[in-house]
Amino acid sequence: MTRQAISTTNAPAAVGPYSQAIVAGDLVFCAGQGAIDAATGEVMRGTVEEETERTLRNLGAVLDAAGVGFADVVKTTVFLTDMNDFAAMNGVYAAFFPDPPPARSTVAVKELPKGFKVEVEAIARKP
């Protein structure tokens, strides 16, 4: 099976040796996104709601570059630095995914790169 790297300037550039996404067959594996302004490269500091929205907009740009959208996402993993932020993150998250929402795991972590409060990765399936 061949793998195709996906890259877009509409989402932050990778901050290490990885791709924004990889297409393998009809699956799209998106790397974790955080609250970075793609145009400036600046980390956005704000509430967990603000960071979640920016994070999901970045994820949406990567999905779009791969030819899929939020409706095609089958699994996400959400990383939070504070599980007390779960409800606030969930409120924003729910607005991005149509019914039925994808399967999801949410994990509390000690810290995230660049000081993010939230990071989201996804797997989508091409229609």
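Thresholds applied
Along each chain, residues carry numbers from 1 onward, in the same order as the chain's sequence is written. Residues qualify for local features only when their pLDDT is at least 70, as the model is predicted, and side-chain atom pairs are given and counted only at 80 or more; totals for whole chains, interfaces and linings, by contrast, use all residues. In computing side-chain properties, one takes all heavy atoms of the structure into account and sets aside hydrogens as well as water. Take the buried residues of types Ala, Val, Leu, Ile, Met, Phe, Trp, Tyr and Cys, join any two whose side-chain atoms come within 4.5 Å, and each joined set is a nonpolar core. Exposure categories follow from relative accessible area, calculated using a 1.4 Å probe and restricted to protein chains: below 20% of the type maximum is buried, above 50% is exposed, and the middle band is partly exposed. Secondary structure elements follow DSSP: runs of H or I no shorter than four residues count as helices, runs of E no shorter than two count as strands, and numbering proceeds from the N terminus. Note on contacts: a residue pair qualifies if any of its non-hydrogen atoms lie within 4.5 Å across the two residues. Fitted lines through C-alpha atoms serve as axes, helices being fitted only where they are in contact, and the angles separating the N-to-C directions of these axes extend from 0 to 180 degrees. To sort the angles, those under 35 degrees are grouped as roughly parallel, those over 145 as roughly antiparallel, those from 65 to 115 as roughly perpendicular, and the leftovers as oblique. Definitions for this section: a left-handed crossing has its near helix turned counterclockwise from the far helix by less than a right angle. A right-handed crossing has that turn clockwise. Gly falls in the polar group here, along with every residue not listed as nonpolar (Ala, Val, Leu, Ile, Met, Phe, Trp, Tyr, Cys, Pro) or charged (Asp, Glu, Lys, Arg).

Further remarks concern the nonpolar core. Membership of the largest hydrophobic core comes to 27 residues, with the highest contact counts inside it found for V28, C30, L56, L59 and L63. Every element with two or more residues in this core is listed here: β2 (21-24), β3 (27-33), α1 (48-65), β4 (73-80), α2 (86-96) and β6 (118-125). With six residues, α1 is the largest single contributor of residues to this core. Beyond its immediate sequence surroundings of up to four residues, V28 is in contact with A21, I22, V23, A66, V68, A122, I123, A124 and K126.

In the contact formed by α1 and α2, the axes pass within 8 Å of each other and the chain directions differ by 30°. With respect to their mutual orientation, α1 and α2 come out roughly parallel. For the pair α1 and α2, the crossing hand works out as right-handed. Here V48, E49, T52, E53, L56 and R57 of α1 lie close against α2, whose contacting residues are A88, M89, V92, Y93 and F96. In terms of residue class, the contact of α1 with α2 is made up of seven nonpolar, one polar and three charged.

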